[in-house]
Amino acid sequence: KGDDAMDGMAYDMMMGNYNRVALFANDEEKSDAADVLNAARWRQEEHTADGLAVADASATADSLVRALQQRMKDLEKETCRRLISWEDEKHHSALGGGLRPPAGPGEKDGGGTGRVDAMSLNDLFRTLEGLDAELESMESWIDDRAAQVRPVTDECRGIEEENRMLEQQWVSFENLGNEMRRLLGGLVLPTSLMRVLHDPGSVIRYDRFGYVDVDGSEGGVELIHQAGRALKAAIDAAEGQGGIHLRAVSDTVRTLSATSNNFCGSLARLVVTVMEQLAKGVCSGPDAAIGKGDTHTSIAKKIRESQRHFQASLLAYIKIIEVLALLQPGILPAVRDAYSELVAEEIMSKRRMKSYFASLPGRTSVKIADDNRHNVMDIPGRTSASATHDLGDYTPVSLRHPNAVDAMMKPVKVEDIEAALSEMLPLIAREAYFTAALFGLSSRHADGRQKKRNFEAAKRSVDNSSQYFRYYISRICGIASEVDAEGKKVKGDAMLSLVASIHLNEAMDGYIDRNKRGGDHSLSLAYVRATILDLRKKVDKQWVIWVEEQIKWIRTNPGVPTNGKRAGVFSSISRLPSYLDHVLLCCRAGRPKDYSPNLAKIKVVSYYLQKMASALFASLNECAE
């Protein structure tokens, strides 16, 4: 039966066949609830445009909710009071007492200890109730004041938000300022250095004639060096720290670059002016003047002294060259060219080189020039100063007179070559050393390609500085002038070239960097070796041309009948020993008596002598056929 009732109830719930739960247990409770609702002022009305009073459902519902909540609070209070009283009565009964008479208005402890406890609880309840009422009053007051203060707080909230944004903006601007100070801090140079950068000549001292006071301008050179390094540090800082995309940084860098260009241009002009002044001052002094009574030794000494004084004075301005290398390396080649031109025009000028080579003991350069003045276009002939003769001009060797000396076999003037190489090559080495040191062309930390480029730059500069030395040394070595050369044409002397090649080969031994010191010293030695090799190529070429001409003559089979009968000793074969004797005679000139040249160790000489001998045997075989 119970299960059937449960099933029926479930069915009714599923089908919706059930009654609503009754809110009131009896009619008395319903009547009390109606009295409570009727006594409360919960109905809210609003007036329409026509003046009619219409119930406001939303406001009425809110008012009713508040009224019921207040009624619920009152019931809770009354319930708590009754529970406390009931607990008090139950406690009193448990102690064996009967019903407790109600306390009088002034009675506090008449009921004993239990009465005191009950009264304390009642007092506590009343105190809490009073505090609750005060809290409600305070909350109501706070709500009213909050409603009044709300516009002000809303406005203050907006102000606080704006202040917060301004504070954040101030922090951002402060960070930006710190970053800009970091970026621009290294780009701002002191006023004193900026004054030097704009006008470097203002710190250079001049004498009353307008010339630079070299000794008195050392302080100014130091200021220029400091300003240049500071400018380089500022440009490097701008490139290394970043921020080049910022307008302030880019404008500052652009200003620094323009300042650097103007500064370097002024420094280049200043250095060239000082070079010109020093070169003219050194060469115009009485100690540097070359007179007619000077020998080649005294002239070489005066040139060396002039070079030394010029370079020593110019060393005071090497810091300016360093600044140019730091800020604008591209301007250094122009300054280097100007320096080499000054050296070529003053220190090692054409007049000085001509006087030196003309004062050599053999006067080879003068004699060659005089002979060519009279017979310039006579290619087959030889000058009177020449020791070279064609193979056909030598006297044939005979068995009857094997030791006969030919009058035409005269030695060459090797003393000029020896003097020039021993006295002038050190001067050229010093020039190469100073050029490399002045313009920073011998960095030890550069790679192979950079070292090669530096050497080529130094070689071009020193070649231009020593152009007149190379011109006159070519003369005394028997090297013929180029076809398109200007001025006097000089014919070649093959025999002199052959002997000069031997002396050049021996001179090269003194300029080998055996200690591997590196730097400017190694570069200067390498340049001298390159100069000697260049001269050797020219003298070897001069002698090889003569050998080729003689081979052509040998192939014509001179003195041999057409049928080849009764030819006897070939003319070419009988004259070769005389030529070899002449070669040995020229090689021993100026040497000790026991000196004997080892021609087999000289590859070019041994190769072409063998080639000449091969041509003789080929001629012999051809005639025998």
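Our structure's up above, just so we're on the same page.
Residues numbered from 1 in each chain as written. Predicted model: local features only at pLDDT ≥ 70, side-chain atom pairs only at ≥ 80, totals over all residues. Heavy atoms only, no water.

What about the overall build of the protein?
Phase 1: Helix and strand counts for the protein come out as 19 helices and two strands.
Phase 2: Split into buried and exposed, the 625 residues of the protein put 35% on the buried side.
Phase 3: Within the protein, counting contacts between residues at least 6 apart in sequence, those at least 24 apart form 74% of the total. (Helix = DSSP H or I, 4+ residues; strand = E, 2+ residues; numbered from the N terminus. Buried < 20%, exposed > 50% of the residue type's maximum accessible area, 1.4 Å probe, protein only. Contact = heavy atoms within 4.5 Å.)

Re the nonpolar core
Phase 1: One finds Phe357, Trp543 and Tyr579 to be the most contacted residues of the largest nonpolar core, which totals 118 residues.
Phase 2: When residues of this core are assigned to their parent elements, the largest contribution, 14 residues, is made by helix H13 (residues 414-438). (Core = buried A, V, L, I, M, F, W, Y, C linked by side-chain atoms within 4.5 Å.)

What to know about the pattern of salt bridges
It is possible for side chains of opposite charge to pair when their charged atoms get near one another.
Phase 1: According to the stated counting rule, one finds eleven salt bridges in the structure shown.
Phase 2: In this structure, Glu161 and Arg164 form a salt bridge, with 2.6 Å as the shortest nitrogen-oxygen distance. Separated by three residues within a single helix, Glu161 and Arg164 lie in helix H4 (residues 112-185), roughly one turn from each other.
Phase 3: Residue class for Glu161 comes out partly exposed when judged on its relative accessible area of 36%. (Salt bridge = Lys/Arg side-chain N within 4 Å of Asp/Glu carboxyl O.)

Focus: the packing of helix H14 (residues 448-465) against helix H17 (residues 519-554)
Phase 1: Between H14 and H17, the shortest axis-to-axis distance is 11 Å and the interhelical angle comes to 60°. Compared by their axis directions, H14 and H17 come out oblique. Every pair of crossing elements has a handedness; the one defined by H14 and H17 is right-handed. In this structure, H14 uses Phe455, Ala458, Lys459, Val462 and Asp463 to contact H17, whose residues at the interface are Leu523, Ala526, Tyr527 and Ala530.
Phase 2: Tallied by class, the residues present in the contact of H14 with H17 amount to seven nonpolar, no polar and two charged. (Axes fitted to C-alpha atoms, helices over the stretch in contact; angles between N-to-C directions. Parallel < 35°, antiparallel > 145°, perpendicular 65-115°, else oblique. Left-handed = near helix turned anticlockwise from the far one by under 90°. Nonpolar A, V, L, I, M, F, W, Y, C, P; charged D, E, K, R; others polar.)

A look at the packing of aromatic side chains
Phase 1: In this structure the tally under the stated criterion is eleven aromatic pairs.
Phase 2: Aromatic side chains Tyr339 and Phe434 sit 6.1 Å apart centroid to centroid with 40° between the ring planes, which places their arrangement in the tilted category. Of this pair, Tyr339 sits in helix H10 (residues 332-347) while Phe434 sits in helix H13, placing them 95 residues apart in sequence. Per residue, the accessibility class of Tyr339 equals that of Phe434, and both read buried.
Phase 3: Members of the aromatic cluster, joined through ring pairs, are Tyr356, Phe357, Phe469, Tyr471 and Tyr472.
Phase 4: For Arg336, the ring lying beneath its charged end belongs to Phe439, and the centroid distance is 5.9 Å.
Phase 5: Between Arg591 and the ring centre of Tyr595, over which it is positioned, the NZ or CZ distance is 4.6 Å. (Phe/Tyr/Trp six-rings, centres within 6.5 Å; stacked < 30°, edge-to-face > 60°. Lys NZ or Arg CZ within 6 Å of the ring centre and 35° of its normal.)

Things to note about the packing of helix H11 (residues 350-358) against H13
Phase 1: With their axes 11 Å apart at the nearest point, H11 and H13 run at an angle of 140° to one another. Regarding the angle of H11 to H13, the classification is oblique. Every residue of H13 that contacts H11 at Met353, Tyr356 and Phe357 is listed here: Ala419, Ala420, Glu423 and Met424.

Let's talk about the side chain of His582
Phase 1: As for its placement among the helices and strands, His582 is situated in helix H18 (residues 571-587).
Phase 2: Engagement of the side chain of His582 in a polar contact is seen with the side chain of Tyr394, the distance being 2.6 Å. (Polar contact = N/O pair within 3.5 Å; in protein donor to acceptor, adjacent residues only side chain to side chain.)

Side note on the environment of Asp416
Phase 1: Its location among the elements puts Asp416 in helix H13.
Phase 2: With a relative accessible area of 0%, Asp416 lands in the buried category.
Phase 3: A sequence separation of 58 residues divides Asp416 from Ala358, and the C-alpha atoms of the two residues are 9.7 Å apart.

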